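Chain by chain, the residues run as shown.
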Amino acid sequence: MKTRILTCICFLLAAPLIVAAQEDAMVTSMKQRFGLYTERAVQEKMYVHLDRPFYLVGETVWFKAYLLNGATHRFLDLSKVGYLEILDSENNPVVQTKFSMSTGQGNGSAQIPATIVSGKYKVRCYTNWMKNFSADQFFESDITVVNPFIRFDPDRIVNDNAHYDVQFFPEGGRLVKGVESKIAFRAVAADGKGIRFNGAIVNAQNDTVQKFTPEVSGIGNFTFTPKEGETYKAFVTDAKGLKSEYQFPAVEDAGYVMQVKDSTETWLKVSVSARLNTDEPTYIYMLAHTRQANPVIEKKAVVRNRAVFLLDKSKLGEGISHITIFNEKVKPVTERLYFKRPKAKLEVDAQLARTFITREKVVLNLSSSVAAATDQMSNLSVAIYLDDSIKGDLQQDINTYLWLTSDLKGTIESPEYYFSNATEESDRQIDNLMLTHGWRRLNWEGVFGSQPPKFANLPEYDGHFISGKIVDRVSGDPAKGKDAFLAALDVPARLYAAQSDQQGKVTFEVRRFIGPKEITVQTNLGIDSTYKIEILSPFSKQYSPNPLPAFYFDKTFENQLLTRTINMQTVNSYIPRVYNQKKPTLTDSLAFFGMPDEKYFLDDFTRFPTMEEVLREYVKGVLVRRRQKEFHFRMIDKLLPNTYYTTDPLMLVDGIPIFDADQIMEFDPLKIKKIEVLNSRYFLGPMTFTGIVSFSTYGNDLSGFELDPKVLVMPYEGVQAQREFYAPKYDGGNANSRVPDFRNLLFWAPNVVTDKKGKASLEFYTSDQTGKYSVVIQGITPFGVAGSKKLSFEVGKRNF
């Protein structure tokens, strides 16, 4: 009996230690799985600086892309290709282009097509890796485009209550009977702007139980406790006195409710109230993280339907943090966002005179600084354009985008307001913003699932991916394990090989693939002639739900529009389009297989009328054999001179694989400039070849060589060639030139790097256009501190 009593006492004493060990094990497991997920699911964040907000058709959009690590906002050298699209109101692309990036930066241009109609358009930008996640995480910005050659009517905005969008957002996402909750609300008109109104919550007996009014941009909050057996509906009365009914969130019988408050300057109080259908002891977990970094995980017991977490603010990163509560099965039950103001900001300044004359030289002195930083180097982009009476909505600056809107769902009205003043009132408004625009960025099943996450789209770290699908020509079924080849008529010759996966998909990683090209894609036609390849578009088919704002154009500006139209056409006629493409180096001039073992320039020899004679008489490393009335090539192994391979080598004509030697033998040798031979095994991706024989024509254009009809030949646009912004210089007496200069965009500099003191200087010349010009500067430091600056100056007439 004594032994049994002692055993029970020891067990009771050890029980808390066992529970604590289990708790620590679960928290440790969550930390490990969260860490593994964040290592794999690297978050890219992109900001694109556009040169101006308003365009005419025929004008050029210049842009600078900043590719950053989503957690730190530092440059991320992961993806080397960016995708930029201009979409209409129905998400139809009117412009699609690819551009190169290096060390997290890239820039380019896109011309507005002359065929599109006037209206608002959406510019969005992303990488191949970003396609693994929601389209809400793509960069988006609105622009205004006017086509003066096609009659247009602005959108008509009907600001009546039938077009109001009124939504309610319980803190944490749930409303539970008998549990007090903070409920945020947002009411906007058809134009996306917040409205002023008086609201009321009414129960089933039509008794008003709660009144509410907005504070800023139609957003506000109130505290409410739903009662047992009650149902509710909401009424909103706008400034015109029109009253409408709106849906109120459903009230749940059981669940969790979260409340987050600033307890002190150091601590954040996270209170969780529960109404559960069990009397058993319950544990919950809190996971807080800032853009998948700085994870804090704790476990608490729910005592008397309540648990309180004290979260050290210093453990949270700056910007938006996610706070999620999980139940014992590690399933999310409630979540909300919390904002911590960033301390550092890049202060950008620009010094220049306020008034100039036409065709005058302007010196723009830039400076940037971060408080208490020793190295003030920063990367800036600068746009200077005519700020005439025809205006578009200004683009959001890089600082508010990175810290606020890029991590929120939906359209934020006047985001700069929340950064203009750091007061208790603005802190309250920004917390309302967290409640009304919050969203769950992470798929928790993917984070805490039994299998590591898989991503369909790889980052284009070394080159652009061209993807396709191999299918049976008759049945259309995908073909797995088939070899595929992609080549383009290019100098030097480049060949890419891939093998199809279980779904028949093939992916070619192409390097230095610049500008428009004509590509050939085929399987090994000597073996797999019953299959065909379909090339897939690299542009995303997923779109965010963010609507475009209404298009409005004041007809009193028709004369200014006519002037700008004439100026646009004049600029396109007289200003050259400059492309700067690097000349190939010696290494770049080699074909993909490198230095050949043998090279023959046929003009150095006596010409023979047939290809068979040329190969037999001159090309030592290739043996021509004929078997069953078909020609075959056999390569002599350079490592074993007395032996030769027993299979055909890889045969190329201007870099394009040819799998039938008879086609080559029938070709006119007078059209061949050179023959190159590689006398050894060559490995290309998953394939092995017993040597290479490459035939090159004089124009590298096949010179009439007929490809097999089964070869897919199609145009394909690579990354755009680097184009330099051109602006005339009026020095040395050029100011009196009679060539008209009606540029609206005076200057565009996408890559301005300051010295370690934060200084830089730019020079440009004004045009013949007088008026007010805007200077917009966006930039960021290598440490992820962003900032911007806007200023203006006047240009007057030149006195002759």
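The rules behind the values
Residues numbered from 1 in each chain as written. Predicted model: local features only at pLDDT ≥ 70, side-chain atom pairs only at ≥ 80, totals over all residues. Heavy atoms only, no water. Helix = DSSP H or I, 4+ residues; strand = E, 2+ residues; numbered from the N terminus. Buried < 20%, exposed > 50% of the residue type's maximum accessible area, 1.4 Å probe, protein only. Contact = heavy atoms within 4.5 Å. Areas by Shrake-Rupley, 256 points an atom, 1.4 Å probe, with all protein chains shown as cover. Lys, Arg positive; Asp, Glu negative; His and termini not counted. Charge placed at Lys NZ, Arg CZ, Asp CG, Glu CD. Pairing = 2+ DSSP bridges. Axes fitted to C-alpha atoms, helices over the stretch in contact; angles between N-to-C directions. Core = buried A, V, L, I, M, F, W, Y, C linked by side-chain atoms within 4.5 Å. Salt bridge = Lys/Arg side-chain N within 4 Å of Asp/Glu carboxyl O. Phe/Tyr/Trp six-rings, centres within 6.5 Å; stacked < 30°, edge-to-face > 60°.

Draft legend 1. Looking closely at the overall build of the protein chain. Counting its regular elements, the protein chain contains eight helices and 46 strands. C-alpha atoms of the protein chain, sized along the principal axes, occupy 105 × 105 × 55 Å. Counting every position in the protein chain, which comprises 800 residues, the buried fraction comes to 51%. Residue pairs at least 24 apart in sequence account for 70% of intrachain contacts in the protein chain once pairs closer than 6 positions are excluded. For the protein chain, the accessible area works out to roughly 38800 Å², and carbon and sulfur atoms hold 50% of it. Between the centroid of the 97 positive side chains of the protein chain and the centroid of its 94 negative side chains there is a distance of 3 Å.

Draft legend 2. Region of the structure containing the sheet that holds strand β26 (residues 379–386). Taken in spatial order, the five strands line up as β24-β46-β45-β26-β43 in an open sheet, and their pairing is mixed. Each of the sheet's edge strands pairs with one partner strand only, and the pair in question is β24 (355–357) and β43 (745–753). Averaged over all neighbouring strand pairs, the angle between strand axes comes to 20°, with direction disregarded. Bridge analysis of β26 against strand β45 (residues 771–780) gives eight bridges, and the strand direction is antiparallel. Paired with Ala383 across the two strands is Val776, which belongs to β45.

Draft legend 3. Focus on the sheet that holds strand β25 (residues 361–369). Spatial strand order, β23-β25-β44: three strands in an open sheet with antiparallel pairing. Among the strands making up the open sheet, the edge pair consists of β23 (347–351) and β44 (759–765). Averaged over neighbouring strand pairs, the angle between their axes works out to 20° when direction is ignored. One ladder, built from five bridges, connects β23 with β25; its direction is antiparallel. Following the sheet pairing, Glu347 is matched in β25 by Ser369.

Draft legend 4. Seen up close, the nonpolar core. If you look at the biggest cluster of nonpolar residues, it comprises 44 residues, and the most contacted ones within it are Phe592, Leu615, Phe633, Ile675 and Phe695. Leave out the neighbours within four places in its chain, and Phe695 touches Met611, Leu615, Phe633, Leu652, Val653, Asp654, Ile664, Ile672, Lys674 and Ile675. Counting residues in each nonpolar core, the second largest holds 31 residues, with Tyr47, Phe99, Met101 and Ile112 among its members.

Draft legend 5. Summary view of the pattern of salt bridges. The tally for this structure, following the rule as stated, stands at 29 salt bridges. Note that Glu228 is salt-bridged to Arg275, the shortest N-O span being 2.1 Å. Placement of Glu228 in the loop between β13 (219–224) and β14 (232–238) and of Arg275 in strand β17 (residues 267–275) is noted, with a sequence separation of 47 residues between them. Glu676 is paired through a salt bridge with Lys674; the nearest N and O atoms lie 3.8 Å apart. Here Glu676 falls in the buried class, since its relative accessible area comes to 7%. Residues participating in the shared-partner salt-bridge network are Asp51, Arg52, Glu59 and Arg564.

Draft legend 6. Local environment of unusual backbone geometry. Along the chain, Val491 connects to Pro492 via a cis peptide bond; the corresponding omega equals 0°. Relative to the helices and strands, Pro492 resides in the loop between β28 (483–488) and β29 (495–499). Phi is positive for Lys629, which is not a glycine, with a value near 65°. Summarising the element assignment, Lys629 is placed in the loop between β35 (622–627) and β36 (630–635).

Draft legend 7. Quick look at the packing of aromatic side chains. Within this structure, the stated rule accounts for 44 aromatic pairs. The interplanar angle of 85° and the centroid separation of 5.5 Å between the aromatic rings of Tyr83 and Phe539 together place this pair among those described as edge-to-face. Highlighted residues: Tyr83 in strand β4 (residues 81–87) and Phe539 in the loop between β32 (531–535) and α6 (558–574), separated in sequence by 456 residues. The two residues Tyr83 and Phe539 agree in class, both being buried.

Draft legend 8. Local environment of the pairing of strand β37 (residues 650–653). Going residue by residue along β37, you find Leu650 and Leu652 tucked away on one face and Met651 and Val653 tucked away on the opposite face as well. For β37 and strand β40 (residues 687–697), the ladder comprises four bridges, and the chain directions are parallel. Bridged to Met651 within β40 is Val693. Pairing analysis gives three bridges linking β37 to strand β38 (residues 656–658), with the strands arranged antiparallel. Opposite Leu652, over in β38, you have Pro657 as the bridge partner. Connecting the antiparallel pair β37 and β38 is a turn made up of two residues, with Asp654 showing a positive phi of about 55°.

Draft legend 9. Structural detail: the environment of Met611. Tracing the backbone through its elements, the reader meets Met611 in helix α7 (residues 611–617). You can call Met611 buried: its relative accessible area is 1%. Sequence separation between Met611 and Tyr773 is 162 residues; the distance between their C-alpha atoms is 67 Å. Once you skip the residues sitting within four places of it in the chain, Met611 turns out to touch Ile664, Met665, Phe667, Pro669, Ile672 and Phe695.

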